[in-house]
2 protein chains.
Amino acid sequence: MAMRPTSVSPRGDQTRESLIDAAVAVFGRDGFRAASTRSIADVAGVNQALIGYHFGGKPGLYLAVFDRITRRVAQYLGPVAQSIEQQFDEIVASEDRQAARCVGFIHQLTDALVATFSAPESSAWARLVLREQQDPSEAFERLYGGMIGGMLSLISRLIAQACATDPNGVETRVMTQTVIGQALVFRSARATVLRQLDWQDIGAAEIKTIQSVIRRNVTAMLIGGRS
Amino acid sequence: MAMRPTSVSPRGDQTRESLIDAAVAVFGRDGFRAASTRSIADVAGVNQALIGYHFGGKPGLYLAVFDRITRRVAQYLGPVAQSIEQQFDEIVASEDRQAARCVGFIHQLTDALVATFSAPESSAWARLVLREQQDPSEAFERLYGGMIGGMLSLISRLIAQACATDPNGVETRVMTQTVIGQALVFRSARATVLRQLDWQDIGAAEIKTIQSVIRRNVTAMLIGGRS
DNA sequence: GTCTATAAAGTGATAGAC
DNA sequence: GTCTATCACTTTATAGAC
């Protein structure tokens, strides 16, 4: 089985990039099995046989697509997450719980999630990721290890700190999912959202509204009814 | 183009049922395009040519699948929704806002949503519905008109009543989505949920935990931080 | 109402020229 | 690194026997 060539030729690099770009769109639209290597090659403007040469075959290209998605999503969320991670270390080291500050960090993260999921490129990603969520393959490992896992861990620790609960407890983790779910639904149930709200698209104005409602919800959930 | 026969033969009925059952599973697993009529017929234990005879072709069978899903989900959620709808009419007619009672109704609905999405049959449905949400076709109309629209409307009115807001206002509708999103995420991000919580499955015990957390969240969101 | 058989088109992989 | 050509297989739809 042919593997990705080790030499770094500018021409070949360009071909690989074009193929991955095209594969994100076509795999997203048609799914792994229905997507044909011919249509991917056509969209990429390269020869069909080059998929075998550069990625070893259709499955290899599919995995390369998820590495691409992971890297791109990390570009959106990474800076915010890292900044919070750093400040969170100081909070844990201090004696004060600083619940309000933790909630503020969660607000930053839900804002970023809503913005990321609403980005135009996210449309193709979502189809791929949602499929993997229902029926995880090797590609899901790359997603979880590359981005999702770290994000879940960070939000769980912030919630635990804000509510003085166990970050590894079941309730904290379930609560983490409900926080993310509030942002995720605007992508996963997109057709329903557009229809119910009579929106043509989720643009800058709509994103602001969503972010503001989720901020309010999160605040109420975490420091509204207690301590 | 052959249409569904008008005569009602027991033998043909059985064939149609088998084909729809099989189609839910195979379309769910492979998507519309990748699913082959041959594999559907094999799973159903009938001849491939009968898909053309009974449904006019592959697209006709696909639509029949969504009618089936709509009817089944309505069996889960319909009774709860109707009971609440009835009592809600009385609340609107009365002078008291009865916010706590409205929140109780929403709890019943989120409980039902979590239970429905976690049902084993929901696994195949979800793949189909999530695809339509990203890329709606004629099948989405049947879903929205048959079930989703009514559920959204009911929750929006309950939220508006509980919070004294406009049921048709953007904020109320966005809030409705965030409520549903908390239940939906346990299906739409299933692989992530199972992994983060180290669950093998979402069974009766897990459902109880999820329902309880969402109930608490909804209460905080709607009557925790205000009035 | 169900079957077999088949036509016409599309699939992924790959050998081999350049 | 890229191309053309082709193999072996699968796809949907349908004609026609029963």
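Above this text sits the structure in question.
Residues numbered from 1 in each chain as written. Chains lettered and ligands numbered in written order. Predicted model: local features only at pLDDT ≥ 70, side-chain atom pairs only at ≥ 80, totals over all residues. Heavy atoms only, no water.

Colleague: I keep staring at the protein's contact with DNA strand C and nothing clicks. Help me out?
Modeller: Taken together, 19 residues form the shell around DNA strand C, and within it T37 of chain A together with T15, N47, Y53 and H54 of chain B come nearest. Sugar and phosphate atoms form 64% of the subset of DNA strand C atoms that lie within 4 Å of the protein. Within the side chain of K58 of chain A, an N or O atom sits 3.1 Å from a phosphate oxygen of DNA strand C. Within the side chain of N47 of chain B, one N or O atom sits 3.0 Å away from a phosphate oxygen of DNA strand C. Element by element, the count of residues in the surface near DNA strand C is highest for helix α3 (residues 49-55) of chain B, at 4 residues. Tallied by class, the residues present in the surface near DNA strand C amount to 6 nonpolar, 9 polar and 4 charged. (Near = heavy atom within 4 Å. Polar contact = N/O pair within 3.5 Å; in protein donor to acceptor, adjacent residues only side chain to side chain. Helix = DSSP H or I, 4+ residues; strand = E, 2+ residues; numbered from the N terminus. Nonpolar A, V, L, I, M, F, W, Y, C, P; charged D, E, K, R; others polar.)

Colleague: I keep staring at the interface of chain A and chain B and nothing clicks. Help me out?
Modeller: Opposite the 54 residues of chain A that make contact, chain B presents 54 residues. Counting the surface lost from both chain A and chain B, the interface buries some 4900 Å², and carbon and sulfur atoms represent 57% of this. Looking at the side of chain A facing chain B, the largest losses of area belong to Q134, Q177 and Q196 of chain A, adding up to 15% of the total buried there. Taken together, the links from chain A to chain B amount to 8 salt bridges. Note that D135 of chain A is salt-bridged to R127 of chain B, the shortest N-O span being 3.2 Å. Joining chain A to chain B, the criterion identifies 25 residue pairs in polar contact (both at pLDDT 80 or more). Considering only residue class, the side of chain A that touches chain B consists of 24 nonpolar, 15 polar and 15 charged. (Contact = heavy atoms within 4.5 Å. Buried area = accessible area lost by both parts, 1.4 Å probe. Salt bridge = Lys/Arg side-chain N within 4 Å of Asp/Glu carboxyl O.)

Colleague: Whenever I open this one, the relation of the copies chain A and chain B confuses me. Can you help?
Modeller: One copy of the chain maps onto the second through a rotation about an axis and a displacement along it. Least-squares fitting of chain A to chain B yields an RMSD of 0.1 Å, with the superposition described by an axial translation of 0.0 Å and a rotation of 180°. Seen this way, the second copy is the image of the first under a two-fold rotation axis. Of the C-alpha atoms belonging to chain A, the one lying closest to the rotation axis is found on A34 of chain A, 2.1 Å away. Most of the interface of chain A is mirrored in chain B, where 100% of its interface residues again form contacts. (Least-squares fit on C-alpha atoms with pLDDT ≥ 70 in both.)

Colleague: Sorry, what's going on with the packing of helix α5 (residues 99-118) of chain B against helix α7 (residues 138-163) of chain B here?
Modeller: Relative orientation and spacing of two packed helices are given, respectively, by the angle between their axes and the distance between those axes. All names here are of chain B. The N-to-C vectors of α5 and α7 enclose an angle of 150°; their axes lie 8 Å apart at closest approach. For the element pair α5 / α7, the angle class is roughly antiparallel. When the axes of α5 and α7 are compared, the crossing they make is left-handed. Taken together, the residues of α7 that come into contact with α5 (itself represented by A99, C102, V103, F105, I106, L109 and L113) are M151, L154, I155, L158, I159, Q161 and A162. Its residues placed into classes, the contact of α5 with α7 shows 13 nonpolar, 1 polar and no charged. (Axes fitted to C-alpha atoms, helices over the stretch in contact; angles between N-to-C directions. Parallel < 35°, antiparallel > 145°, perpendicular 65-115°, else oblique. Left-handed = near helix turned anticlockwise from the far one by under 90°.)

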